[in-house]
Amino acid sequence: MADKVSKYNYPSSYTGGVQPMNIRGIFEDERIRLSEEFTDEERAWRKQWLKDQVLSPNEPRPESEEWIREIRNPIRRFVSKPFQLLESSLAPVTGKTFAFGFRYVFPKTLAALGAIYLTWYHLKYHQNDWTRAYGAKVTVPKPRAFPGDSNFPVKSEKTEPNDFCDRGFKARKVFLD
């Protein structure tokens, strides 16, 4: 009994702890199939198994509209509709493979570009300064200068103690009184 418990005590795997089933059977090895142990009944089984592995001419079947409606939520169908129309209009001109690839890559490229622009906008127009307690603090480092350069050593722009952590307070236009 203890053997059975430890026998199936495997770490996490792609099968979720369940042992994968070998659909080829014990006669996967050519040596065993050619041995005397391979009976006529097993030969018939193997012949049928090989025959079952051949796909029919109408495979793989395209997804039907009913199936798509059943498995995809309405928001996903609404968002993907323009790209489906784009793919169907591109397919006669460029071919199905290119149209499908374009439909796959184009929305993701648009989403990545939108994320980049949104981040840039947020960093540019919502910086952390003395008027708000949130936002990104964007700093510009001093330029590099090596010994022998004309600008070596680079002088710091911060000369007074109140220059540090100023957050734009000295450059304010309001509350000057």
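Treat the numbers as computed from the prediction; the structure is a model and nothing was measured. (Residues numbered from 1 in each chain as written. Predicted model: local features only at pLDDT ≥ 70, side-chain atom pairs only at ≥ 80, totals over all residues. Heavy atoms only, no water.)

Structural notes on helix α5 (residues 74–94)
For α5, spanning 21 residues, the distance from its first C-alpha to its last is 29 Å, which sits close to the expected 30 Å at 1.5 Å a residue. If you look at α5, its biggest bend is around 40 degrees, right at Lys81, and the proline Pro82 turns up within four residues after that. Buried within α5 we find Ser80, Phe83 and Glu87. The inward-facing, buried residues of α5 abut α6 (96–125). N-capping of α5 is provided by Asn73, with a side-chain oxygen placed 3.2 Å from the backbone N of Ile75. Two residues or fewer after α5 comes Gly95, characterised by a positive phi angle close to 105 degrees. (Helix = DSSP H or I, 4+ residues; strand = E, 2+ residues; numbered from the N terminus. Expected span 1.5 Å × (residues − 1). Bend = angle between axes of the 7 residues up to and from the residue. Buried < 20%, exposed > 50% of the residue type's maximum accessible area, 1.4 Å probe, protein only. Contact = heavy atoms within 4.5 Å. Polar contact = N/O pair within 3.5 Å; in protein donor to acceptor, adjacent residues only side chain to side chain.)

Focus on the pattern of salt bridges
Going through the model one piece at a time under the given rule, you end up with five salt bridges. Asp40 is the salt-bridge partner of Arg43, the closest N and O atoms lying 3.6 Å from each other. One end of the pair, Arg43, and the other, Asp40, are both in helix α3 (residues 40–52), three residues apart, so they sit about a helical turn from each other. Note that Asp163 is salt-bridged to Lys170, the shortest N-O span being 2.3 Å. By relative accessible area, Asp163 is classed as buried at 17%. (Salt bridge = Lys/Arg side-chain N within 4 Å of Asp/Glu carboxyl O.)

Topic: a nonpolar patch on the surface
Residues Trp130, Phe169, Val174 and Phe175 make up a contiguous nonpolar surface patch of roughly 410 Å² in combined accessible area. Residue placement: Trp130 occurs in the segment after α6. (Patch = residues over 30% accessible without salt bridge, like charges linked within 9 Å, V, L, I, M, F, W, Y side chains within 5 Å. Areas by Shrake-Rupley, 256 points an atom, 1.4 Å probe, with all protein chains shown as cover.)

Some points on the packing of aromatic side chains
Evaluation of the coordinates by the stated rule reveals five aromatic pairs. Here Phe98 and Phe102 contribute two aromatic rings whose centre-to-centre distance is 6.1 Å and whose plane-to-plane angle is 20 degrees, an arrangement assigned as stacked. With Phe98 and Phe102 both in helix α6 and four residues apart, the pair spans about one turn of that helix. Residue classification places Phe98 among the partly exposed positions, given a relative accessible area of 48%. (Phe/Tyr/Trp six-rings, centres within 6.5 Å; stacked < 30°, edge-to-face > 60°.)

Observations concerning the confidence of the model for the chain
Detailed reading of the predicted model is not advised wherever pLDDT is low. Chain-level statistics for the chain give a pLDDT mean of 84 and a share of 89% at 70 or above. No element of the chain has a lower mean pLDDT than helix α1 (residues 2–7), at 48, and none a higher one than α6, at 95. Of the regions scoring below 50 in pLDDT, residues 1–5 engages in zero contacts with residues more than four places distant in sequence or in other chains. (pLDDT = per-residue confidence, 0-100.)

Some thoughts on unusual backbone geometry
Glu59 connects to Pro60 through a cis peptide bond whose omega is -10 degrees. Within the secondary structure, Pro60 sits in the loop between α3 and α4 (65–71). The step from Phe152 to Pro153 runs through a cis peptide bond, and the omega angle for that step is -10 degrees. Residue Cys165 is not a glycine yet carries a positive backbone phi of 55 degrees. Considering the arrangement of structural elements, one finds Cys165 in the segment after α6. A relative accessible area of 64% means that Cys165 is categorised as exposed. The backbone of Arg167 shows a phi angle near 55 degrees, a positive value even though the residue is not glycine. Along the chain, Arg167 falls in the segment after α6. On the basis of relative accessible area, Arg167 is assigned to the partly exposed category, the value being 31%.

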